[in-house]
Amino acid sequence: MLEIKLNNISLEYKDKKILDKFSLQFNDKAKILLVGKSGIGKSTIFRILLGFQKFDSGQYLINDKDYSNCDIAEIRKNFAYVDQENSLRKLSVKKYLEEISKFNNNTFNSVIDEKLCDYFEFEKSLFEKDIWQLSGGEKQRLAIMISIMLDRPIFLLDECTSSLDKTLKKKVVNYFNDCEKGVIAISHDSIWDDADKFNRVEL
């Protein structure tokens, strides 16, 4: 069991308090929906969990080991992250998948499972296209499928349904609601309210 704790995290930027003694405890089976108005610090929490954002005070613990100043690579192996910007490389889809498969700590075989493609309605012909040619919704589905194939203990999903139609939104929400891994989602999309296994944490 993977246990993660953010204890009394505080962060200030340009004299503005982003987080003030924020605490969150979860494991690799938890389902959490982070809610709150824009700019309140939800994405900052993800950056802290991923090791990208330092904080002014508090503790970041993984299985009771302090990760406040730990190597990012060691932290990232615990998380599959889908960001709201769809930050994918400007390569063909096929070459991008091959590149990911070569990274350290990845259990990715460079081929997306056909069942995932069918479930998320991602056409096989899209693998021959360059990523910049994909629509916003296609990029979002590709990022989601990659996160699943990485096979990491916890998903961090930042507005991962924003570019999808209602049917696909529902499929994404159902997938993560029913999967056996930990999920923390940030979304302003009301369809996540139907995810009955998620606990809401309001900032």
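Worth saying up front: this structure is predicted, and the values here are computed from it rather than measured.

Participant: I keep staring at the pairing of strand β4 (residues 57-62) and nothing clicks. Help me out?
Facilitator: It is a general feature of regular strands that their side chains alternate between the two faces of the sheet. Note that strand β1 (residues 3-13) and β4 share five bridges and pair antiparallel. Paired with S10 across the strands is S57, a residue of β4. Bridge count between β4 and strand β5 (residues 65-66): two bridges; the pairing is antiparallel. Following the sheet pairing, L61 is matched in β5 by D66. Linkage of β4 to β5, two consecutive antiparallel strands, is achieved through a turn of two residues, within which N63 is found at a positive phi near 50°.

Participant: Sorry, what's going on with empty space enclosed by the protein here?
Facilitator: Any space left empty among the atoms is revealed by the rolling of a water-sized probe across them. Summed over all chains, the structure comprises one cavity of 30 Å³ or more. Of the volumes computed, that of the largest cavity is approximately 60 Å³. As for the largest cavity, its lining consists of I48, G51, Q53, K54, F55, Y60, Y67, S68, N69, C70 and I75. When the residues that make up the lining of the largest cavity are grouped by side-chain class, the tally is six nonpolar, four polar and one charged.

Definitions and limits used
Residues numbered from 1 in each chain as written. Predicted model: local features only at pLDDT ≥ 70, side-chain atom pairs only at ≥ 80, totals over all residues. Heavy atoms only, no water. Pairing = 2+ DSSP bridges. Helix = DSSP H or I, 4+ residues; strand = E, 2+ residues; numbered from the N terminus. 1 Å grid on protein atoms, 1.4 Å probe; cavity = no way out; pocket = protein on both sides within 12 Å on 5 of 7 lines; lining within 4 Å. Points joined across faces, edges and corners; volume = space filled by probe spheres on them. Nonpolar A, V, L, I, M, F, W, Y, C, P; charged D, E, K, R; others polar.

Purely geometric stuff here, so don't read any function into it on its own.
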